[in-house]
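Summary of structural features
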Amino acid sequence: MKDLPAIAALYAEVDNFLDSLRDPASRSPGDTIQQKLRINDQAYFVLAWGQLESAIDDACRRAIDKGRSHRDWRQRRSWSLYNPQDRRLSGLRFEDRAALVLDPDTEGREYALAMQHYNIRNQIAHGTLLPQRIDVTAVIEQFFVIQAALTT
C-alpha cells in the first residue's frame, strides 16, 4: 500500500478542484459537478482498493509460504494445496484469501469491513455506479486499519 498516500493526496486535490467549480446555488444531485464528484469518488475508491487487495494477496502468499514450510506435516498438509507463486493464488476467491489473513469468526471487524468494501468495488468495477458519493478519505483510513490487522 506504498502508493496509497499519494493516491489519497491526489484524490483530495482533484476533489477540492472539482468542488471549487461548483455553483454554490446548485447543489442538487443532478448538478454536473456533483456527478463528476461522485464518479471521481468511485474511480479513486477502485484505485485505492487495488492497493488493499494487493496487500491482502501479499499477506496471503506469506501465510501460504509459512504454512507450506512448517516442520509438522499435520500443519503443512493443507497449505500444500495452494501455490503462492500462482498469480491467482491457485484460484482462491478474494473472500478466501482475506479469510486466510483476517479473522472472519471472532469480532472480525476488519474482515467484515474488507468484505463490505469488496462488494462496493465489485458493483463499481462491473459497471454499476453508486448513486451517492463515497467518502474516499475515510475509506482510505479504513484500508490502513485493515492492513494493520493482516496476519501471516
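See the structure shown above.
We now turn to the structure provided with this report.

Criteria and cut-off values
Residues numbered from 1 in each chain as written. Predicted model: local features only at pLDDT ≥ 70, side-chain atom pairs only at ≥ 80, totals over all residues. Heavy atoms only, no water. Helix = DSSP H or I, 4+ residues; strand = E, 2+ residues; numbered from the N terminus. Buried < 20%, exposed > 50% of the residue type's maximum accessible area, 1.4 Å probe, protein only. Lys, Arg positive; Asp, Glu negative; His and termini not counted. Salt bridge = Lys/Arg side-chain N within 4 Å of Asp/Glu carboxyl O. Contact = heavy atoms within 4.5 Å. Arc of directions from axis to C-beta. Phe/Tyr/Trp six-rings, centres within 6.5 Å; stacked < 30°, edge-to-face > 60°. Expected span 1.5 Å × (residues − 1).

1. Details of the environment of A112
As for its placement among the helices and strands, A112 is situated in helix α5 (residues 109–125). Between the alpha carbons of A112 and L10 there is a distance of 27 Å; along the sequence they are 102 residues apart.

2. Describing the side chain of R38
The residue R38 is located in helix α2 (residues 32–68) in this model. No salt bridge is formed by the buried R38; its nearest oppositely charged neighbour, D41, is found at 7.9 Å. The contacts of R38, once residues within four sequence positions are left out, are L129, L130, P131, Q132 and R133.

3. Focus: helix α4 (residues 94–101)
Looking only at α4, the buried set comprises F94, R97, A98 and V101. Looking straight down α4, one finds its buried side chains confined to an arc of 95°; they lie on one side.

4. Some points on the packing of aromatic side chains
Under the criterion given, the structure shown has 7 aromatic pairs. Judged by centre distance (5.9 Å) and plane angle (70°), the ring pair of W49 and F143 falls under edge-to-face. Of this pair, W49 sits in helix α2 while F143 sits in helix α6 (residues 136–149), placing them 94 residues apart in sequence. The two residues W49 and F143 agree in class, both being buried. Seen in terms of ring centroids, W79 and Y82 are 6.4 Å apart; in terms of plane orientation they differ by 65°. Their pairing is edge-to-face.

5. Focus on α6
Think of an α-helix as 3.6 residues a turn; residues three or four steps apart then line up on the same face. A rise of 1.5 Å per residue sets the reference length of α6, with its 14 residues, at 20 Å; its end C-alpha atoms lie 20 Å apart and thus fit the reference within 8%. Within α6, the full set of buried residues consists of V136, V139, I140, F143 and I146. End-on view of α6: buried residues confined to an arc of 110°, all on one side of the axis. For α6, the exposed residues set more than 90 degrees away from the buried face come down to E141 and A148. Turning to α6, the residues buried within the fold contact α1 (4–21), α2 and α5.

6. A short note on the pattern of salt bridges
When the charged atoms of two side chains lie near each other, side chains of opposite charge can form a pair. Per the counting criterion, the structure on display carries 7 salt bridges. Put simply, R133 and D41 hold a salt bridge, and the shortest N to O gap is 2.6 Å. You can see R133 sitting in the loop between α5 and α6 and its partner D41 sitting in helix α2, a full 92 residues away along the chain. A residue is classified by how much of its surface remains accessible, and D41, at 0% relative accessible area, is buried. With its nearest N and O atoms 3.1 Å apart, the salt bridge here joins D72 to R74. For R74, a relative accessible area of 56% translates into the label exposed. When salt bridges with common partners are traced through the structure, they connect D15, D41 and R133 into a single cluster.

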